[in-house]
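Commentary on secondary and tertiary structure
Below, each chain spelled out in residue letters.
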Amino acid sequence: MTGGAPATHHHPLFSRLWLLLAPRFDAHGGSDLREELLAGLHGRVVEIGAADGRNFPHYPAGVREVVAIEPERILRERAGVAAREAPVPITVVGGVAEALPLPDDSVDVVVSSLVLCSVDDQRAAVGEMRRVLRPGGRLRVLEHVAAARPSHHRLQRVMDATVWPRCGGGCHTARDTVGTITDGGFEPVRLRRFRLPAGRVPNPASPWVLGELAAPATTGAER
Ligand SMILES: C[S@@+](CC[C@H](N)C(=O)[O-])C[C@H]1O[C@@H](n2cnc3c(N)ncnc32)[C@H](O)[C@@H]1O
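So, here is what we can say about the structure in this document. (Residues numbered from 1 in each chain as written. Predicted model: local features only at pLDDT ≥ 70, side-chain atom pairs only at ≥ 80, totals over all residues. Heavy atoms only, no water.)

With that out of the way, let us pick up the packing of aromatic side chains. For the structure on display, the rule yields three aromatic pairs. Measuring from ring centre to ring centre gives 5.6 Å for phenylalanine 25 and tryptophan 208, while their planes differ by 40 degrees; the resulting arrangement is tilted. Of this pair, phenylalanine 25 sits in helix H1 (residues 12-38) while tryptophan 208 sits in strand E7 (residues 208-214), and the two are 183 residues apart along the sequence. Seen in terms of ring centroids, phenylalanine 194 and tryptophan 208 are 6.1 Å apart; in terms of plane orientation they differ by 50 degrees. Their pairing is tilted. Here tryptophan 208 lies in strand E7 and phenylalanine 194 lies in strand E6 (residues 187-194), a separation of 14 residues in the sequence. Phenylalanine 194 sits in the buried class, given a relative accessible area of 13%. Counting every residue linked through ring pairs, the aromatic cluster contains Phe25, Phe194 and Trp208. The ring of phenylalanine 194 carries arginine 192 above its face, with NZ or CZ at 4.6 Å from the centroid. (Phe/Tyr/Trp six-rings, centres within 6.5 Å; stacked < 30°, edge-to-face > 60°. Helix = DSSP H or I, 4+ residues; strand = E, 2+ residues; numbered from the N terminus. Buried < 20%, exposed > 50% of the residue type's maximum accessible area, 1.4 Å probe, protein only. Lys NZ or Arg CZ within 6 Å of the ring centre and 35° of its normal.)

Take a look at the structure:
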């Protein structure tokens with residue numbers, strides 16, 4: 001496990017909140033979503049923003065190696081512990097999605113779950129995914145995205161301009177994440193859009209998308 005992420009990505013409050021709340025999310029359907037996200041994967045994988053490694057137990061046996069990138073120190077340390085228990089070999093590395101510490105065309109799959117809402121520069125992150133993926137490689141995503149309903153989208157924009165990013169480690173709710181990914185040259189293979197079960201208060205971080213997109217069939221050098 002190595003360090004090497006910018007100091008701006010240390011979020012001690014968010015990381016403690018995440019460690020408290022994420023197990024509840026996983027116990028109430030999150031684990032099933034992670035299982036679906038990673039089903040059938042094989043080859044060499046890079047997972048961006050792995051946090052405390054909640055996806056790690058769900059990697060199928062066909063995965064040869066996972067490089068898990070996590071900028072936040074407390075979460076990265078937890079991910080290192082989770083990696084030792086994982087069913088496949090996982091190396092946890094400090095870094096950010098906007099500057100992946102990997103060569104061009106070096107992985108078969110990129111996994112992003114609940115991360116593109118938080119990166120500083122979505123376009124740069126998508127460009128990096130495309131650079132490190134082999135031609136035709138796959139991007140698996142589980143992300144919450146901008147709402148289509150105007151009233152919900154207005155609520156998202158208000159939250160993004162006020163409390164949400166501060167409490168959520170830089171999370172934004174109103175991003176057109178799928179649009180940014182397809183603008184970056186990825187083609188949807190399968191994507192399903194869904195809502196989490198409704199709670200007593202409206203959840204600004206909804207709807208969600210889960211699925212797979214394909215990188216173009218050109219090499220990093222040709223891009
Ligand atoms: C909501 S958590 C999701 C964690 C994990 N992917 C999961 O599904 O359980 C978001 C994660 O993205 C990380 N993150 C934030 N900005 C990032 C960036 N620019 N590059 C990579 N990871 C980032 C955070 O540190 C945090 O661990």
